[in-house]
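Tertiary structure, described
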Amino acid sequence: GIHGAFRDHVAEARGEALVAASVGKEGRSERHATNAKEVIDRVATGDVFLGTQAIRLGLVDRLITSDEYIAERIRQGARVLKLMVHTRPVGLSGLFSGPSRRNSPSIGYGGGFANDG
């Protein structure tokens, strides 16, 4: 299912970091995981981790805010777009009203999401 696919993706994408964190965390005296699947089996239990815990486990490389990430991507030359979401009125009138500038999502230049393309 979805959980299994996610576990496989994390094991593939973060494999080396997961194993390295496992070795560093558990030390040489205890048995450490020899592959990413073993680490995933230990940490993918449904628990929620704080950012600092995720770093220690090798699940993430660093902690930054979305604003810091966007500023970093701009410095790297990424085109940044601003996504403005407008909601339609609730009820039947929302179903039958045609798209309008006020009621439809739009994308424009400005601050917002980094675009890798």
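One structure accompanies this document, and this report is about it. These numbers come from a predicted model, not from an experiment. (Residues numbered from 1 in each chain as written. Predicted model: local features only at pLDDT ≥ 70, side-chain atom pairs only at ≥ 80, totals over all residues. Heavy atoms only, no water.)

Thoughts on the overall build of the protein
When helices and strands are counted, the protein shows five helices and three strands. The N-to-C order of helical and strand elements in the protein reads α-α-α-α-β-α-β-β. The long-range fraction of contacts in the protein, counting pairs at least 24 apart against all pairs at least 6 apart in sequence, stands at 49%. Element-wise, carbon and sulfur atoms account for 58% of the exposed surface of the protein, whose accessible area totals about 8,800 Å². (Helix = DSSP H or I, 4+ residues; strand = E, 2+ residues; numbered from the N terminus. Contact = heavy atoms within 4.5 Å. Areas by Shrake-Rupley, 256 points an atom, 1.4 Å probe, with all protein chains shown as cover.)

Details of the pattern of salt bridges
For the structure on display, the rule yields four salt bridges. Across the pair Asp 41 and Arg 7 runs a salt bridge, and its minimum N-O distance is 2.3 Å. Of this pair, Asp 41 sits in helix α2 (residues 36-43) while Arg 7 sits in helix α1 (residues 2-26), and the two are 34 residues apart along the sequence. Linked through salt bridges whose partners overlap, the residues forming this network are Arg 7, Lys 37 and Asp 41. (Salt bridge = Lys/Arg side-chain N within 4 Å of Asp/Glu carboxyl O.)

Topic: the nonpolar core
The tendency in soluble globular proteins is for nonpolar side chains to be buried as a group. One finds Val 10, Ala 11, Leu 18, Ala 36, Val 39 and Ile 40 forming the largest nonpolar core, which totals six residues. Contributing elements (two or more residues each) for this core: α1 and α2. (Core = buried A, V, L, I, M, F, W, Y, C linked by side-chain atoms within 4.5 Å. Buried < 20%, exposed > 50% of the residue type's maximum accessible area, 1.4 Å probe, protein only.)

Some words on α2
For α2, the full list of buried residues reads Ala 36, Val 39, Ile 40 and Val 43. Along the axis of α2, the buried positions cluster into a sector of 100°, meaning they face one direction only. (Arc of directions from axis to C-beta.)

Quick notes on helix α4 (residues 66-75)
Three or more residues of α4 are buried, namely Ile 70, Glu 72 and Arg 73. Here the buried residues of α4 occupy an arc of 160° about the axis, which is enough to place them on one side. Exposed side of α4, more than 90 degrees from the buried face: Asp 67 and Arg 75 are the residues found there. Positioned one or two residues after α4, Gly 77 has a phi angle of 95°, which is positive.

Observations regarding the side chain of Arg 14
Within the fold, Arg 14 resides in helix α1. Separated by 3.2 Å, the side chain of Arg 14 and the backbone oxygen of Leu 59 make a polar contact. Within the structure, the side chain of Arg 14 is placed 2.8 Å from the side chain of Asp 61, a separation counted as a polar contact. Excluding residues within four positions of it along the chain, Arg 14 makes contact with Gly 58, Leu 59, Val 60 and Asp 61. (Polar contact = N/O pair within 3.5 Å; in protein donor to acceptor, adjacent residues only side chain to side chain.)

Looking at the environment of Leu 59
Within the secondary structure, Leu 59 is located in the loop between α3 (51-57) and α4. For Leu 59, a relative accessible area of 22% puts it in the partly exposed group. Distance from Leu 59 to Ala 11, taken between C-alpha atoms, is 9.4 Å for residues 48 residues apart in sequence.

This is a description of form; function is not addressed.
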